[in-house]
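Fold and contact review
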Amino acid sequence: MTRMRSVLVASLVLLASATQAQAPAAAPASAATPAPAAAQAPADSDASGQDVPPVQDMSPPTTPAQPVPICANALPPLRTPVAFMPGELLEFDLDAMGANAGKMTMKVQRPDKGALPVQIEAQTNTFFSKVRRVKGVGVSYLHPRTLRPSRYTEDSTENEVRRTADVAFGAKDRTVKVDYVVGQKPGHYDYTYDKDALDVAGAIYLMRQLPMKEGLSVCFDVYGIRRLWRLQGTVVKREHVSLPVGEFDAWYLTGTAVRLDRPKQKREVHVWISDDARRLPLVAVGTLDLGAVRATLTAYSRPGEKEKRATKGKEELKW
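On a predicted model such as this, the values are computed, not experimentally measured, just so you know.

Things to note about the state of the cysteines
Per the counting criterion, the structure on display carries one disulfide. Across the disulfide from cysteine 71 sits cysteine 219; the S-S distance is 2.0 Å. One disulfide, between cysteine 71 and cysteine 219, carries an S-S torsion of -65° and so falls in the left-handed class. Here cysteine 219 lies in strand 12 (residues 217–224) and cysteine 71 lies in the loop between strand 2 (14–16) and strand 3 (89–96), a separation of 148 residues in the sequence.

Some details on the side chain of serine 242
Within the secondary structure, serine 242 sits in strand 13 (residues 227–243). Judged by relative accessible area, serine 242 falls into the buried class, the value being 1%. Of note is the side chain of serine 242, whose polar atom sits 2.7 Å from the side chain of glutamate 247.

Re the nonpolar core
In this structure, Val176, Val178, Tyr205, Tyr223, Leu253, Leu282 and Leu297 are the most contacted members of the largest nonpolar core, which totals 69 residues. Counting residues per element, this core draws most heavily on strand 14 (residues 246–259), which supplies seven residues. With near-sequence residues (within four places) excluded, leucine 253 lies in contact with Met207, Leu210, Met212, Thr234, Val235, Val236, Val269, His270, Val271 and Ile273.

Structural notes on unusual backbone geometry
With an omega dihedral of -5°, the bond running from threonine 80 to proline 81 counts as a cis peptide bond. When you line up the elements, proline 81 lands in the loop between strand 2 and strand 3. Phi at leucine 147 is positive, roughly 65°, even though this residue is not glycine. Turning to its location among the elements, leucine 147 is positioned in the loop between strand 6 (134–142) and strand 7 (149–158).

Let's talk about the pairing of strand 15 (residues 266–274)
Of all nine residues making up strand 15, eight are buried, and the element is well covered by its neighbours. Relative to strand 15, strand 14 is paired through nine bridges, and the arrangement is antiparallel. Along strand 15, the bridge assignment pairs alanine 257 with arginine 267. In the sheet, strand 15 pairs with strand 16 (residues 281–287) via five bridges, with the strands oriented antiparallel.

Considering the side chain of aspartate 221
Residue placement: aspartate 221 occurs in strand 12. Of the residues examined, aspartate 221 reaches a relative accessible area of 0% and is grouped as buried. Looking at aspartate 221, its side chain comes within polar contact range of the side chain of arginine 230, at 2.6 Å. Contact partners of aspartate 221, with chain neighbours within four places excluded, come to Tyr193, Asp194, Asp196, Ala197, Leu198, Leu228, Trp229, Arg230 and Leu260.

Observations concerning the environment of lysine 185
Examined against the element boundaries, lysine 185 turns out to sit in strand 10 (residues 185–192). Judged by relative accessible area, lysine 185 falls into the exposed class, the value being 51%. For the pair lysine 185 and arginine 163, spaced 22 residues apart in sequence, the C-alpha to C-alpha distance is 9.4 Å.

Side note on the packing of aromatic side chains
Counted according to the given criterion, the structure contains five aromatic pairs. Seen from their ring centres, tyrosine 252 and tryptophan 272 are 4.7 Å apart, and the 20° between their planes marks the pair as stacked. You can see tyrosine 252 sitting in strand 14 and its partner tryptophan 272 sitting in strand 15, a full 20 residues away along the chain. For the pair shown, tyrosine 252 and tryptophan 272 are each scored as buried. Through pairs of rings, three or more aromatic residues link up here, namely Tyr180, Tyr189 and Tyr191. We note arginine 226 situated over the ring of tyrosine 180; from NZ or CZ to the ring centre the distance is 5.4 Å.

Cut-off values and rules
Residues numbered from 1 in each chain as written. Predicted model: local features only at pLDDT ≥ 70, side-chain atom pairs only at ≥ 80, totals over all residues. Heavy atoms only, no water. Disulfide = S-S within 2.5 Å. Helix = DSSP H or I, 4+ residues; strand = E, 2+ residues; numbered from the N terminus. Buried < 20%, exposed > 50% of the residue type's maximum accessible area, 1.4 Å probe, protein only. Polar contact = N/O pair within 3.5 Å; in protein donor to acceptor, adjacent residues only side chain to side chain. Core = buried A, V, L, I, M, F, W, Y, C linked by side-chain atoms within 4.5 Å. Contact = heavy atoms within 4.5 Å. Pairing = 2+ DSSP bridges. Phe/Tyr/Trp six-rings, centres within 6.5 Å; stacked < 30°, edge-to-face > 60°. Lys NZ or Arg CZ within 6 Å of the ring centre and 35° of its normal.

Keep in mind that these numbers describe shape and distance, not what the molecule does.
This is the structure:
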């Protein structure tokens with residue numbers, strides 16, 4: 001198992017890279033929505049030709065011979081009002097290898113120095129910790145109106161190895177500056193993004209504000225696992241989703257994230273977002289080297305609303 005931190009990136013877009021490692025699993029399927037295709041093998045390799053997962057890849061970014069195509073357009077104007085607010089708490093089950101692997105939470109915090117912090121935290125359960133112990137948290141500091149990040153921080157521990165990162169986004173010069181520490185080894189990367197740059201924690205919140213319609217195309221750069229990726233996605237259709245936490249009409253989005261310095265390395269992204277005023281992220285699936293990891297909403301609480309938790313019942317999206 002590798003990389004639960006990328007669940008919400010590629011799983012959020014890369015959605016899922018919001019925690020520190022991810023694990024292989026079978027892909028989800030439903031009668032209405034086809035299962036994602038098998039993930040492509042990464043192009044990264046060491047001198048012996050062995051694959052090197054992004055979370056273990058410490059090589060500096062390089063300029064590829066054939067750069068990733070730029071985005072045709074910037075992100076569209078976001079819908080208002082904002083669907084979330086400080087105090088909102090979303091809880092998810094993480095599934096991998098056909099079994100429950102852990103828990104993830106997404107929380108909107110109180111405004112801090114003009115920014116709106118949103119936090120994603122994930123941890124493997126006792127069963128999965130026998131394979132790999134992972135606990136991580138990522139915080140994105142968003143502009144309260146544009147939902148673009150000014151800073152992103154992450155702190156995770158994987159099998160007793162601590163990994164931290166502090167990422168600064170420069171809107172004027174379109175830069176992403178990454179300071180990281182893996183174990184006791186520090187490092188720094190500099191990137192330049194195209195039209196829009198997000199991080200794996202804040203991206204899902206911005207996606208909740210997209211002016212959803214069938215066929216809408218979106219393209220943006222996203223930071224995850226010390227790397228910058230370009231995600232090209234499409235709103236496929238509106239469909240009904242049944243989960244133990246409730247019945248929802250939802251928008252289904254799919255896309256592919258391509259690593260900018262190694263374009264042959266790609267990750268699929270599949271997201272379902274409720275079509276109501278709450279715009280809840282219901283399910284996020286991210287494909288990896290050997291399979292997929294899924295995050296499924298199991299509970300949500302919002303200021304002024306009654307808490308809702310999953311009960312035994314029908315689920316439309318099956319493994």
